[in-house]
Amino acid sequence: MTIFWGFALGLALLFWGMRLLKTGLENAAGSRFKALLKRLTTTPLSGLVTGTAFTALIQSSTAVTVFSISLVNAGLMSFEQTLGIILGTNIGSTCLLYT
């Protein structure tokens, strides 16, 4: 039973953190940030390059993926825009193994 409560608490913390990130992004996003996101993800190829670069920069594909999902939840990006980013995170994490 202890494992269940630990799992439930961890899941609750994850969802609470996602909610906080969504709220913070909604409040902080301005027109310049939205324009930057649109420019970085205009095509799937540019999204792929963006995802690869951000993953290499912060060295965490999970963080980039969660951030992308939070941007979709906040309404700042579309699902289609995040596909290239998520593919890029996989490439970025693979490139980090060889450096």
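Residues numbered from 1 in each chain as written. Predicted model: local features only at pLDDT ≥ 70, side-chain atom pairs only at ≥ 80, totals over all residues. Heavy atoms only, no water.

1. Remarks on the overall build of the chain
- Each helix and strand counted, the chain has five helices and zero strands in total.
- Mapped in sequence order, the helices and strands of the chain form the string α-α-α-α-α.
- In terms of its C-alpha atoms, the chain occupies a principal-axis envelope of roughly 50 × 40 × 20 Å.
- Here the chain holds 99 residues, and the buried ones make up 25% of them.
- Per element, the accessible surface of the chain, about 6,800 Å² overall, is 71% carbon and sulfur. (Helix = DSSP H or I, 4+ residues; strand = E, 2+ residues; numbered from the N terminus. Buried < 20%, exposed > 50% of the residue type's maximum accessible area, 1.4 Å probe, protein only. Areas by Shrake-Rupley, 256 points an atom, 1.4 Å probe, with all protein chains shown as cover.)

2. A word on the confidence of the model for the chain
- Mean pLDDT over the chain: 85, with 95% of residues reaching 70 or higher.
- For the chain, helix α5 (residues 79–97) is the element with the lowest average pLDDT, namely 84, and helix α3 (residues 44–58) is the one with the highest, namely 90. (pLDDT = per-residue confidence, 0-100.)

3. A few points about the packing of aromatic side chains
- Under the criterion given, the structure shown has one aromatic pair.
- Note on F4 and W5: the rings are 5.1 Å apart at their centroids and 70° apart in plane angle, and the pair reads as edge-to-face.
- A relative accessible area of 47% places F4 in the partly exposed class. (Phe/Tyr/Trp six-rings, centres within 6.5 Å; stacked < 30°, edge-to-face > 60°.)

4. Considerations on the environment of L87
- Position of L87 relative to the elements: it lies in helix α5.
- Taking the C-alpha atoms as reference points, L87 and V64, separated by 23 residues in sequence, lie 11 Å from one another.

5. A word on the packing of helix α1 (residues 2–28) against helix α4 (residues 61–73)
- At a minimum axis separation of 9 Å, α1 and α4 run at an interaxial angle of 60°. Relative to α4, the element α1 is oriented oblique. Here α1 runs over α4; the crossing is right-handed. Residue-level inspection shows M18, L21, K22, L25 and E26 of α1 in contact with α4, the latter providing V66, F67, I69, S70, L71 and N73.
- In the contact of α1 with α4, the residues fall into seven nonpolar, two polar and two charged. (Axes fitted to C-alpha atoms, helices over the stretch in contact; angles between N-to-C directions. Parallel < 35°, antiparallel > 145°, perpendicular 65-115°, else oblique. Left-handed = near helix turned anticlockwise from the far one by under 90°. Contact = heavy atoms within 4.5 Å. Nonpolar A, V, L, I, M, F, W, Y, C, P; charged D, E, K, R; others polar.)

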